[in-house]
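This is what each chain is made of:
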Amino acid sequence: MDVKDYSNLQRVMQRFRRNRLAVIGALIILLIVLMAIFAPLLAPYDPTEQDYEALLLPPSWEHPFGTDDLGRDILSRIIYGSRYTLLVGIGVVLIVAVVGSLLGFIAGYYRGKLDTLIMRLVDVMLSVPVLVLALAISGALGGGLINVIIAIGAVGWTQFARLVRGEVLHIRGTEYIKAAKALGANDFQIIFFHLAPNMVAPVIVYTTLYIPSAILWAASLSFLGLGVQPPIPEWGALIADGRSYLSYAWWIATMPGLAIMLTVLGFNFMGDGLRDALDPKMAKDI
Amino acid sequence: MSQYIMQRLLMLIPILLGVTMLVFSLMHISGDPILLIYGTNLDQEIIAEKRHELGLDQPIYRQYLNWVGRAVRGNLGLSIRTHDYVWNMIRDRIKATLELTIIALVITLLVSIPAGIISAVRRYTLFDQLARFFALFWVSMPYFWLGLVLMLIFGINLQWLPISGRGGFILSGEGLRSLILPSLTLGLPPAALFMRVIRSNMLEVINEDYVRTARSKGLIEYKVIIKHAFRNALLSVLTLLGLRIPWLFGGAVITETVFAWPGMGRLLVDAIMKRDYPVVQGIVLLIAILVVIFNIIVDLLYAYLDPRIRFE
């Protein structure tokens, strides 16, 4: 019998490909990434170009998603807006993954007073809703893309720290770490050769599952007027623009909302699929 | 049980102290309070005088202690913009926020528990497939967008329900009508998540030996599912509930803004826009206290349902 020798990565990819929803999620994300990269080629109009002869036009062949109160094409604004949405999602996740992983690692590995201090800080931060604190910080720093990323990143790392600490505590107690210690391995060797490689999978999964939350928080800040500022066509801000025209131009607020939902759905599908593919034991029938 | 309650209450002290430090630091990252209050046109002497009046020339730890000392006595300071007492501004709005969040929570549980149980018991049937399909969409929806869509359908097109404001006491007809759309907006997205978790846990529990034993004793299916299987799956619902409570209040901020609901969330957004930081501090502190209180209630329910927790 011909037995194939699959590498770990191949096995993960195989399991991922077998999950239909995960593949759909990955395709959605790929489409949105391509849309963001090739926005100038794909967008039928300039997203900031105002056309006073095309104010509040409903969806048509000429403007598939309609136009807004300044005659700007909604489809073009959504296509360009994908850039900001992805940028915020990835920017926030980079901050929370680095800060949260580092603090969670320190807390879980060194334990003692440092652990108590970090985990009490996490408890305190978690008792205030992320959005409330991010709103307050964003208000203090002022709006804008970078400040939104900083505001959400500054409060969002806590869940990451908890997850990483839990994983480190679990791995720290395993036989192979004890064996490495007994063989005389120092902290550096244990952290980089034994702990870190085992942390990669849960951190990747959590990172993917965290992006939707970051996107939704950023869109919420922009919707409330405390995030990315006009005329930047961020999706949350586009919904806020359409709010006043809801009764006679429903498309202004509805279309960007669908774009947010689709993106979040894509990341959720992909995150769930990655989780199941990287660690089938974690897979649950939900 | 009383010892357990005491332990939980004592653990609150460091958390609340930490929250006060966090909230206090908000004022200081927003810039010089004097310049926020009086603008940049004041003379240096007057600025120094004002700074002394407000105690801002004292060391930071003393300012913090003074603020905490006043907050403990219910004095959260004066609004920079309206010069009203912050507590008076918040007091009138707590009821509206609690009304909205509690009804939203009831909706979450009323929708998710039966849907989760039926989905698990009738696994892979049409109901299960549909419920799981819709759940995936609900969890991906931004609150504010869902609010606008509900407003568009039920308020503007069908004209069944009011689209903004609070119609008064919850038990009055108008009060209840005005609460329907905001509480659905806040309650439905988490219901999808709860439903998925309940279904998944019910599926695990449903094949356990004690459930089989209950069936073999001749108990009717309803009792097996509710009294034996669901009671154990309920623990995971409580865990999730504890984790989602901060989200509930975060969601309330958005929902109140969308529906012009006169609660703390809307006041918070207004205060942040106007850089009225004493009001922001007061509301963030109060929301944190409410989250902590809700979490204690969840912990106590957990201990009530699972005696092992009490004896640990």
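Above this text you will find the structure in question.
Please read these numbers as outputs of a predicted model, since none were measured by experiment. (Residues numbered from 1 in each chain as written. Chains lettered and ligands numbered in written order. Predicted model: local features only at pLDDT ≥ 70, side-chain atom pairs only at ≥ 80, totals over all residues. Heavy atoms only, no water.)

## So, the interface of chain B and chain A
This is how it is decided: We call two residues in contact when some of their heavy atoms are within 4.5 Å. Buried area counts how much accessible surface, traced with a 1.4 Å probe, disappears from two parts once they are put together, with both parts' losses summed. Put simply, a salt bridge is a Lys or Arg side-chain nitrogen that is within 4 Å of an Asp or Glu carboxyl oxygen. Any pair of N or O atoms that falls within 3.5 Å is considered a polar contact. Within protein, one atom must be able to donate a hydrogen and the other to accept it, and sequence-neighbouring residues count only if both atoms are side-chain atoms.
The interface of chain B with chain A comprises 48 residues on the first partner and 46 residues on the second. For the pair chain B and chain A, the summed buried surface comes to about 4,100 Å²; carbon and sulfur atoms form 75% of the total. On the chain B side of the interface with chain A, the three residues burying the most area are Ser140(B), Phe144(B) and Trp145(B), jointly 15% of the side's total. Along the contact surface separating chain B from chain A lie 1 salt bridge. For the pair chain B and chain A, the number of links is 7 residue pairs in polar contact (both at pLDDT 80 or more).

## Observations concerning unusual backbone geometry
Residues and elements named next belong to chain A. We count it as follows: Numbering goes from the N terminus for both helices and strands, where a helix is a DSSP run of H or I of at least four residues and a strand is a run of E of at least two. Note on classification: 1.4 Å probe, protein chains only; a residue is buried when its accessible area is under 20% of the maximum for its type, exposed when over 50%, partly exposed between these limits.
The phi torsion at leucine 56 lies on the positive side, around 50°, for a residue other than glycine. The topology assignment puts leucine 56 in the loop between α3 (39-42) and α4 (74-110). Using a relative accessible area of 25% as the deciding quantity, one classes leucine 56 as partly exposed. A positive phi angle, near 50°, is found at arginine 111, a position not held by glycine. Note on placement: arginine 111 falls in the loop between α4 and α5 (112-126). Of the residues examined, arginine 111 reaches a relative accessible area of 35% and is grouped as partly exposed.

## A word on the pattern of salt bridges
Opposite charge on two side chains allows them to pair when their charged atoms are near. Counting across every chain of the model gives 15 salt bridges over all chains. Linking Asp68(A) and Arg72(A) is a salt bridge whose minimum nitrogen-to-oxygen distance equals 2.9 Å. The pair formed by Asp68(A) and Arg72(A) is uniform in burial state, with each residue classed as buried. Between Arg132(B) and Asp128(B) there is a salt bridge, with the nearest N and O atoms lying 3.7 Å from each other. Here the residue Arg132(B) and the residue Asp128(B) both occupy positions in helix α6 (residues 126-139), the gap between them amounting to 4 residues, near one helical turn. Asp128(B) gets classed as buried once you look at its relative accessible area, which sits at 0%.

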